[in-house]
Amino acid sequence: MSLNETVSAERTHIAFFGMRNAGKSSLVNAVTGQALAVVSDVKGTTTDPVKKAMELLPLGPVVIIDTPGLDDEGELGALRVQKAREVLAKTDIAVLVVDAGTGPSPQDQELLALFQERKLPHIAAYNKADLLSQRPNLPENSLYVSAKTGENVHQLKEKLGALVGKTANQKAIVSDLLSPGEMAVLVTPIDAAAPKGRMILPQQQTMRDLLDAHCAFAVCQPEELAGTLARLAVKPKVVVTDSQAFGRVAKDVPAGVLLTSFSILFARYKGSLPVLTQGAAALSRLKEGDQVLISEGCTHHRQCGDIGTVKLPGWIEDFTHCKPRYRFTSGGEFPEDLGEYKLVVHCGGCMLNEAEMQSRVRRAQRAGVPIVNYGVAIAQMHGILRRSLEAFPEILALLDQ
């Protein structure tokens, strides 16, 4: 992936929901201008969510998601409906496709109420308008469309474009900590888990953020940090490290230089750092046999020395002097019910969009289960959490509450 390519986690996720045969897939195809979804007159043609990252004018870089019908039947149908509802966790903007001839179903009304409860930007598109002899007035955030004739499809895209502008993430990753011309040092271990020939996504995005802000950076491995700092003519403003090297890196970073991790930066970027910081205290309360969920937002081949399944459990046991029980999840797998866990330890979430990361954090809060991420947890267990948060005084204050 190139540095200027927009990754899915940074694209606005627009999901189309509705009943079977409301014309969701046909409308998705009309909006995107391509045969993204299979369509037919047979109810339930869409059996699983269909997702496509694309550039769509006037919306820009987006992910379009077509979902199964909310009224699917039978045991398999119930699983499809569950999959459709799971898409809500990653949705930035929702389009409810209603059959204009029959009007909103009870499931449609339930979904609209859920959008409003979650304050999810949404539009109700009354499809098959070409078949109506009369058109009653529609509620706010609604319009008549026809996927068949193309009527008002452009207007729907314009409305979506306006919502995309409101939901776009304009926050900085790290550049707001520096002034133009100042320097950062990025510490990136290259070990067996590092992808061959490329940098991992958080490192790429951090570099691009610094370049966009006209800041310079040096990149090195942990064992090269002391030498790199000694060769710089001026002290860097901040050192950002991969979380697994926190302990070693902290020893080489002099006072007066901010220290943090990619994981902590991305927790702040996705809006979940306050909750994750407060969750760090739960590490000290773990007891023998407590259930801990360790979850990663991406899927990758587990290797010897894997941070999630090997290093984190080892650090937790060294820190707590006990042996909890662990469950490991990755990718889209994240339990709906977290009640059995004493702690959730989550990765930095670079592969998840902000909506999905926030959804996971809210799920833990609803269950009353503390949640912490890799960077915060590792800093806590190495005794450097306060130092790793010095750049964010408002977050640091949470540790004193």
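Quantities reported herein were computed from a predicted structural model and do not represent experimental measurements.

Student: Tell me about the overall build of the protein chain, and please be specific about residues and values.
Tutor: On a plain count of helices and strands, the protein chain comes out with 14 helices and 14 strands. With 401 residues in all, the protein chain has 53% of them scored as buried. Pairs at least 24 residues apart make up 70% of the contacts formed inside the protein chain by residues separated by at least 6 positions.

Student: A description of the sheet that holds strand E9 (residues 238-241) should follow, citing residues and the corresponding values.
Tutor: Read across the open sheet, the four strands follow the order E8-E7-E9-E10; overall the sheet is parallel. The open sheet terminates on both sides in strands that have one partner only, identified here as strand E8 (216-220) and strand E10 (258-261). Averaged over all adjacent pairs, the angle separating strand axes in this sheet is 20°, with direction ignored. Where strand E7 (residues 183-187) lies against E9, four bridges are found, and the strand directions are parallel. From the neighbouring strand, Val185 faces E9, where its bridge partner is Val239.

Student: Explain the pairing of strand E5 (residues 122-127) to me, using residue names and the numbers behind them.
Tutor: Walk down a regular strand and you will see the side chains alternate between the two sheet faces. Of all six residues in E5, six are buried; the element is thus mostly enclosed. Here E5 shows a buried face lined by His122, Ala124 and Tyr126 and a second buried face lined by Ile123, Ala125 and Asn127. One ladder, built from six bridges, connects strand E4 (residues 93-99) with E5; its direction is parallel. Bridge pairing in E5 links Val98 to Tyr126. Handedness of the crossover joining E4 and E5 through helix H3 (residues 106-117) is recorded here as right-handed.

Student: Would you mind going over helix H8 (residues 262-269) in detail, with residue names and values included?
Tutor: Because each turn of an α-helix spans 3.6 residues, side chains separated by three or four positions in sequence point in the same direction. Within H8, eight of the eight residues are buried, which leaves it mostly tucked inside the rest of the structure. Of the residues making up H8, those classed as buried are Phe262, Ser263, Ile264, Leu265, Phe266, Ala267, Arg268 and Tyr269. Just beyond H8, the residue with positive phi is Gly271, at close to 80°.

Student: Pulling in residues and values, what's your account of the nonpolar core?
Tutor: Grouped together as the largest cluster of nonpolar side chains are 77 residues, with contacts concentrated most on Val239, Val345 and Phe392. The residues contacting Val345, other than those within four sequence positions of it, are Val292, Leu293, Ile294, Ser295, Leu312, Val372, Asn373, Tyr374 and Ala377. The next biggest cluster of nonpolar side chains, apart from the first, holds 24 residues, and it includes Ile14, Val62, Ile64 and Ile93.

Student: Tell me about the environment of Ser263, and please be specific about residues and values.
Tutor: Summarising the element assignment, Ser263 is placed in helix H8. The spatial distance from the C-alpha of Ser263 to the C-alpha of Gly349 is 8.0 Å, given a sequence separation of 86 residues. Ignoring any residue separated from it by four or fewer positions in sequence, one finds Ser263 in contact with Ser243, Gly348, Asn373, Tyr374 and Gly375.

Student: Describe in detail the sheet that holds strand E13 (residues 343-346), supporting the description with residues and values.
Tutor: With parallel pairing, the four strands of this open sheet are ordered in space as E12-E11-E13-E14. Of all strands in the sheet, those bounded by a partner on one side alone are strand E12 (325-330) and strand E14 (371-373). When the angles between neighbouring strand axes are averaged without regard to direction, this sheet yields 20°. Here six bridges tie strand E11 (residues 291-296) to E12, and the two strands are oriented parallel to one another.

Student: A description of the side chain of Thr241 should follow, citing residues and the corresponding values.
Tutor: Within the fold, Thr241 resides in strand E9. Excluding residues within four positions of it along the chain, Thr241 makes contact with Val187, Phe246, Val249, Leu259, Thr260, Ser261 and Phe262.

Student: I'd like to hear about the side chain of Ser261, residue by residue, with values.
Tutor: Here Ser261 shows up in strand E10. Taking the relative accessible area as the measure of exposure, Ser261 reaches 0% and is therefore buried. Here the side chain of Ser261 touches Ser243 through a polar contact of 3.5 Å, side chain to side chain. Sequence-distant contacts of Ser261, that is, excluding residues within four places in its chain, are made with Val240, Thr241, Ser243, Phe246 and Gly375.

Student: I'd love a proper account of the packing of aromatic side chains, names of residues and values included.
Tutor: One pass over the full model with this rule turns up four aromatic pairs. An angle of 25° between the planes, with centres 6.1 Å apart, marks the rings of Tyr326 and Phe328 as stacked. With relative accessibility at 32%, the residue Phe328 sits in the partly exposed group. Against the face of Tyr144 rests Arg135, its NZ or CZ located 5.5 Å from the ring centre.

Cut-off values and rules
- Residues numbered from 1 in each chain as written.
- Predicted model: local features only at pLDDT ≥ 70, side-chain atom pairs only at ≥ 80, totals over all residues.
- Heavy atoms only, no water.
- Helix = DSSP H or I, 4+ residues; strand = E, 2+ residues; numbered from the N terminus.
- Buried < 20%, exposed > 50% of the residue type's maximum accessible area, 1.4 Å probe, protein only.
- Contact = heavy atoms within 4.5 Å.
- Pairing = 2+ DSSP bridges.
- Axes fitted to C-alpha atoms, helices over the stretch in contact; angles between N-to-C directions.
- Right-handed = clockwise from strand over helix to strand, strands pointing away.
- Core = buried A, V, L, I, M, F, W, Y, C linked by side-chain atoms within 4.5 Å.
- Polar contact = N/O pair within 3.5 Å; in protein donor to acceptor, adjacent residues only side chain to side chain.
- Phe/Tyr/Trp six-rings, centres within 6.5 Å; stacked < 30°, edge-to-face > 60°.
- Lys NZ or Arg CZ within 6 Å of the ring centre and 35° of its normal.

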